[in-house]
Amino acid sequence: MMSHQKRIELKNKKRIVIKIGSSSLTHQESGDLNLLKIERLVRIISDLKGQGKEVVLVSSGAIAAGRQALHETGRPDSLARKQAYAAVGQARLMMVYQKLFAEYNQTAAQVLLTKDTMVNDSSRYNAQNTFEELLKLQTVPIVNENDTVSTSEIPLVDNFGDNDRLSAIVAALIGADLLILLSDIDGLYSDDPRVHPEARFISLVEEITPEFLSMGKESSGSHVGTGGMAAKLAAARIATDSGSDLVIANSEDVGIIWEIMEGQEKGTLFLAHENLGFDLMHYLNNEY
């Protein structure tokens with residue numbers, strides 16, 4: 001009963017962050033951008049905007065887009081090459097988003113972040129103000145980590161680690177009331193369902209306990225994604241502590257965003273439990 005009521009309340013969320021990963025934006029067979037899926041995602045976000053909601057999109061895919069543009073195959077084999085792919089791909093990815101959003105009379109804006117942006121008081125304040133102004137101007141901010149200058153092969157040192165955590169940090173920064181993490185898994189299971197078919201699906205998490213954290217596995221089912229369930233649970237802790245509900249859902253059909261916003265029981269819902277002691281700077285300085 002509680003789960004149903006909490007799902008219905010999602011209809012009233014006004015400031016929403018949606019995160020979509022590389023594996024959700026690309027064709028599994030080739031790793032090329034899935035333009036049909038991106039177009040549908042843009043249409044759904046535009047409809048949410050039409051309902052008066054503010055939407056921020058955290059989108060992976062720059063490296064995959066760069067690899068496609070450069071006619072390369074497989075993962076980049078060095079940090080420099082990864083950053084080169086990102087430099088080419090981020091421009092192409094934004095070109096796709098801007099063209100598609102324009103078809104629905106919406107304006108996309110690019111925001112590239114690094115950990116340095118967030119830990120520096122002045123730049124974090126400026127980033128927050130930029131987000132607020134972009135939302136006032138009715139744009140759709142599209143966020144990604146600045147892969148051309150971050151060192152993502154050095155885990156948890158100079159970068160956010162993955163866009164799951166980045167999206168939660170953005171949600172905390174702008175005071176979002178809902179974060180939707182779209183991935184290649186239905187939500188939280190008691191174990192990895194790819195390895196253990198008997199794993200139990202968990203629809204509602206009222207509080208993230210050590211038991212739930214132990215269910216996170218450092219695994220990703222895709223050759224283009226980086227964020228496993230452990231990263232998503234870390235994101236859930238940030239989001240819920242900062243006062244945002246969070247849903248982890250399967251992006252195979254991006255129409256699931258509509259189903260979530262209509263209150264259907266899709267994905268795993270993590271309930272916000274605003275922690276008055278939560279401090280984003282403390283998190284950034286102690287977790288990275």
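For the structure, check the block above.
As a starting point, this report considers the structure included with it. (Residues numbered from 1 in each chain as written. Predicted model: local features only at pLDDT ≥ 70, side-chain atom pairs only at ≥ 80, totals over all residues. Heavy atoms only, no water.)

1. Quick notes on the pattern of salt bridges
Here the structure, examined in full by the defined rule, presents 10 salt bridges. Taking the shortest distance from any N to any O, the salt bridge between Glu54 and Arg15 comes out at 2.7 Å. With Glu54 in strand E2 (residues 54-59) and Arg15 in strand E1 (residues 15-20), this pair connects stretches of sequence that are 39 residues apart. The shortest N-O distance in the salt bridge between Arg15 and Glu132 comes to 2.8 Å. Separated by 117 residues along the polypeptide, Arg15 in strand E1 and Glu132 in helix H7 (residues 121-136) bring together distant segments of the chain. For Glu132, a relative accessible area of 26% translates into the label partly exposed. (Salt bridge = Lys/Arg side-chain N within 4 Å of Asp/Glu carboxyl O. Helix = DSSP H or I, 4+ residues; strand = E, 2+ residues; numbered from the N terminus. Buried < 20%, exposed > 50% of the residue type's maximum accessible area, 1.4 Å probe, protein only.)

2. Thoughts on the packing of aromatic side chains
One pass over the full model with this rule turns up two aromatic pairs. Between Tyr189 and Phe201, the aromatic rings sit 5.2 Å apart at their centres with planes inclined by 65 degrees, giving edge-to-face as the arrangement. Residue Tyr189 is found in strand E6 (residues 188-189), and its partner Phe201 is found in strand E7 (residues 201-202); the two are separated by 12 residues along the sequence. According to the relative accessible area criterion, Phe201 is partly exposed, its value standing at 33%. (Phe/Tyr/Trp six-rings, centres within 6.5 Å; stacked < 30°, edge-to-face > 60°.)

3. Considering the sheet that holds strand E5 (residues 178-183)
Here we have eight strands laid out as an open sheet, ordered E3-E4-E2-E1-E5-E9-E10-E8, and mixed in their pairing. If you trace the sheet from one side to the other, it starts and ends with strand E3 (108-113) and strand E8 (204-205), each paired once. Pairing geometry for E8 and strand E10 (residues 268-270), over two bridges, is parallel. Each bridged residue has a counterpart across the sheet, and for Leu204 the counterpart in E10 is Leu269. Together, E1, E2 and strand E4 (140-145) form the strand contacts of helix H3 (residues 35-50), whose direction differs from that of E2 by roughly 155 degrees. Where helix H8 (residues 163-174) meets the sheet, its contacts fall on E1, E2, E3, E4 and E5, and the angle it forms with E1 comes to roughly 170 degrees. (Pairing = 2+ DSSP bridges. Contact = heavy atoms within 4.5 Å. Axes fitted to C-alpha atoms, helices over the stretch in contact; angles between N-to-C directions.)

4. Side note on the nonpolar core
As a rule of thumb, soluble globular proteins bury nonpolar side chains together. By size, the foremost hydrophobic cluster in this structure holds 45 residues, and its most contacted members are Val17, Leu113, Phe131, Val143, Val170, Leu188 and Phe270. A total of eight residues in this core trace back to one element, the largest contributor, which is H8. The next biggest cluster of nonpolar side chains, apart from the first, holds 36 residues, and it includes Ile38, Met94, Ile180 and Leu271. (Core = buried A, V, L, I, M, F, W, Y, C linked by side-chain atoms within 4.5 Å.)

5. Observations concerning unusual backbone geometry
In this model, Asn105 sits at a positive phi of 60 degrees, which is unusual for a non-glycine residue. Structurally, Asn105 is set in the loop between helix H5 (79-103) and E3. We classify Asn105 as exposed; its relative accessible area is 72%. Of note, Gln138 is a non-glycine position whose phi angle comes to about 65 degrees, a positive value. Counting through the fold element by element, Gln138 comes out in the loop between H7 and E4.

6. Structural notes on the pairing of E1
Within E1, six of the six residues are buried, which leaves the element mostly enclosed by the surrounding structure. Where E1 meets E2, six bridges bridge the pair, whose relative direction is parallel. The residue of E2 that forms the bridge with Arg15 is Glu54. Where E1 meets E5, five bridges bridge the pair, whose relative direction is parallel.

7. Here we look at helix H4 (residues 62-69)
In an α-helix there are 3.6 residues to a turn, and that puts residues three or four apart on one side. Most of H4 sits out of view: six of its eight residues are buried. Among all positions of H4, only Ala62, Ile63, Ala64, Ala65, Gly66 and Arg67 are buried. As for H4, its buried residues are in contact with H5 and E4. His71 lies just past H4 and shows a positive phi near 60 degrees.

8. Focus: the pairing of E4
Within E4, six of the six residues are buried, which leaves the element mostly enclosed by the surrounding structure. In this sheet, E4 lies alongside E2 in parallel orientation, the contact comprising two bridges. In the sheet register, Val58 faces E4, and the bridge partner there is Val143. As paired strands, E3 and E4 are joined by six bridges and run parallel to one another. Bridge pairing in E4 places Leu112 opposite Asn144.

9. Observations concerning the environment of Ile142
Summarising the element assignment, Ile142 is placed in strand E4. Note: C-alpha distance between Ile142 and Met94 (48 residues apart in sequence) is 8.2 Å. Once you skip the residues sitting within four places of it in the chain, Ile142 turns out to touch Leu57, Ser59, Met94, Tyr97, Phe101, Ala108, Ala109, Gln110 and Val111.

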